[in-house]
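Each chain is listed here by its residues.
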Amino acid sequence: IKKVDGKCDEMSRESEKDIGCDLFPKKIKGIRFDNVSYRYPMSKKEALSNISFNINSNSLNVIVGPSGSGKSTLVDLLPRVRAPSSGSIFINGLDLSQYTLSSLRSVISYLPQSPQIFEGTIEDHIRYGNRNASDKQIKEAALIAGADSFIEKLPNGYQAQLDEDGQNLSGGQRQRLDFARVLVKDSPILILDEPTSNLDLESEKLFMKTLNNIHRNKNTTIIIITHKLRSTINAKQIMVLRHGSIEAHGTHKELLSQNSWYASAWEKDSDH
């Protein structure tokens, strides 16, 4: 009983504190990071240092950089999974901390590098994105995500059973299935963490074509974290993150003209 009580007390201390009182707007006018820094507890070194940039609404943005540069930490700040050690993040001119957690996270869809898939049906997994989604919306999301083609070939289609972690699907199939979950939510902010890491070249091209279509046809602000520079060519803004700082930012063409990590990495990438 003492151990259980101790664990409950620990969970209570570690629970998220929702200090916001404003509801998040349905339309995104812009996102701004203003001198944001982050230091992990017990660490002497900042994981992020004085990060400042703007993201326009309905834009395609890419964050690139070598492993350990702070890309995932940076994106964790947007849904307030982590809070800045200093500096502020603004959406529509209001500090992020002023919004309630539930309303903030309800308008953000996140596609992780390694999807978490539970036992259940294909349809069940897609519906995690929107519990009230109709069968038509589920199939439309799967079609846009490029998952419909392999789902229809399964013996029971959308009612096919998934193993724990989706072990009865390939890596690419899991990624496309989880992308359908993200799309059925139809959120104004879409965050994708290494979305093409499990895809072959042809599937990667199809995936990026899908993202570009979403960007053109929907009012969606897209943020991609990637190490694959092929994914950056059509981005409105590319942010190069190194050693926890923004080394450079601009379009693909602008960054190639600079003497930076990006230009060097592009030159070395034999697959582009």
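Conventions used here
- Residues numbered from 1 in each chain as written.
- Predicted model: local features only at pLDDT ≥ 70, side-chain atom pairs only at ≥ 80, totals over all residues.
- Heavy atoms only, no water.
- Helix = DSSP H or I, 4+ residues; strand = E, 2+ residues; numbered from the N terminus.
- Rg over C-alpha atoms; globule rule 2.2 N^0.38 Å.
- Contact = heavy atoms within 4.5 Å.
- Areas by Shrake-Rupley, 256 points an atom, 1.4 Å probe, with all protein chains shown as cover.
- Lys, Arg positive; Asp, Glu negative; His and termini not counted.
- Charge placed at Lys NZ, Arg CZ, Asp CG, Glu CD.
- Pairing = 2+ DSSP bridges.
- Axes fitted to C-alpha atoms, helices over the stretch in contact; angles between N-to-C directions.
- Core = buried A, V, L, I, M, F, W, Y, C linked by side-chain atoms within 4.5 Å.
- Buried < 20%, exposed > 50% of the residue type's maximum accessible area, 1.4 Å probe, protein only.
- Phe/Tyr/Trp six-rings, centres within 6.5 Å; stacked < 30°, edge-to-face > 60°.
- Salt bridge = Lys/Arg side-chain N within 4 Å of Asp/Glu carboxyl O.
- Patch = residues over 30% accessible without salt bridge, like charges linked within 9 Å, V, L, I, M, F, W, Y side chains within 5 Å.

### Thoughts on the overall build of the protein chain
Consideration 1: For the protein chain, the helix and strand inventory stands at 10 helices and 12 strands.
Consideration 2: A globule of 272 residues ought to have a C-alpha radius of gyration of about 19 Å, and the protein chain, at 20 Å, matches this closely.
Consideration 3: A fraction of 70% describes how many contacts in the protein chain between residues 6 or more apart in sequence connect residues 24 or more apart.
Consideration 4: Only carbon and sulfur atoms are counted for the fraction: they give 48% of the accessible area of the protein chain, which is about 14,500 Å².
Consideration 5: Where the 35 positive side-chain charges of the protein chain centre and where its 33 negative ones centre are 4 Å apart.

### Some words on the sheet that holds strand 10 (residues 221-225)
Consideration 1: Ordered by their spatial adjacency, 6 strands build an open sheet running 6-9-10-3-11-12, and the pairing between neighbours is mixed. Edge positions in the open sheet fall to strand 6 (108-111) and strand 12 (245-250), since each of these has one partner strand only. Each strand of the sheet is rotated relative to its neighbour by a mean of 15°, with strand direction disregarded.
Consideration 2: Across 4 bridges, the pairing between strand 6 and strand 9 (residues 189-193) is parallel. Opposite tyrosine 110, over in strand 9, you have isoleucine 191 as the bridge partner.
Consideration 3: Contacting strand 6 and strand 9, helix 7 (residues 171-185) crosses the sheet at an angle of about 180° to strand 6.
Consideration 4: Against the sheet, helix 8 (residues 201-217) engages strand 3 (60-64), strand 6, strand 9 and strand 10, with an angle of about 155° to strand 10.

### Thoughts on the nonpolar core
Consideration 1: In terms of nonpolar packing, the biggest core is built from 44 residues, with Ile126, Phe179, Leu192 and Leu211 touching the most fellow members.
Consideration 2: In this structure isoleucine 126 touches Ile138, Ala142, Ile151, Tyr158, Leu177, Ala180, Arg181 and Val184, once residues within four positions along its chain are discounted.
Consideration 3: Core analysis: the next-biggest nonpolar cluster, separate from the first, contains 28 residues, Phe24, Tyr38, Ile63 and Ile189 among them.

### With respect to the packing of aromatic side chains
Consideration 1: Under the defined criterion, the tally for this structure stands at 3 aromatic pairs.
Consideration 2: With 4.9 Å between their ring centres and 85° between their planes, tyrosine 38 and tyrosine 40 make a pair best called edge-to-face.
Consideration 3: Classification of tyrosine 38 by relative accessible area gives buried; the value is 8%.
Consideration 4: On the basis of relative accessible area, tyrosine 40 is assigned to the partly exposed category, the value being 30%.

### With respect to the pattern of salt bridges
Consideration 1: As enumerated under the stated definition, the model contains 8 salt bridges in all.
Consideration 2: Residue aspartate 34 is joined to arginine 32 by a salt bridge in which the shortest nitrogen-to-oxygen separation is 3.5 Å.
Consideration 3: Given the relative accessible area of 28%, aspartate 34 is considered partly exposed.
Consideration 4: A salt bridge links aspartate 135 to arginine 127; its shortest N-O distance comes to 3.3 Å.
Consideration 5: The network of salt bridges with common partners includes Glu123, Arg127 and Asp135.

### Remarks on a negative patch on the surface
Consideration 1: Together, Glu119, Asp163, Glu164 and Asp165 make up a region of like negative charge exposed at the surface.
Consideration 2: Note on placement: glutamate 119 falls in the loop between strand 6 and strand 7 (120-121).

### What to know about the pairing of strand 4 (residues 86-91)
Consideration 1: Two elements, strand 1 (residues 30-38) and strand 4, share 5 bridges in a ladder whose sense is antiparallel. In the sheet register, arginine 32 faces strand 4, and the bridge partner there is phenylalanine 90.
Consideration 2: Note: strand 4 against strand 5 (residues 94-95), 2 bridges, orientation antiparallel. The residue bridging phenylalanine 90 from the neighbouring strand is aspartate 95, located in strand 5.
Consideration 3: The antiparallel pairing of strand 4 with strand 5 creates a hairpin that spans 2 residues between the two strands, and asparagine 92 there sits at a positive phi of about 55°.

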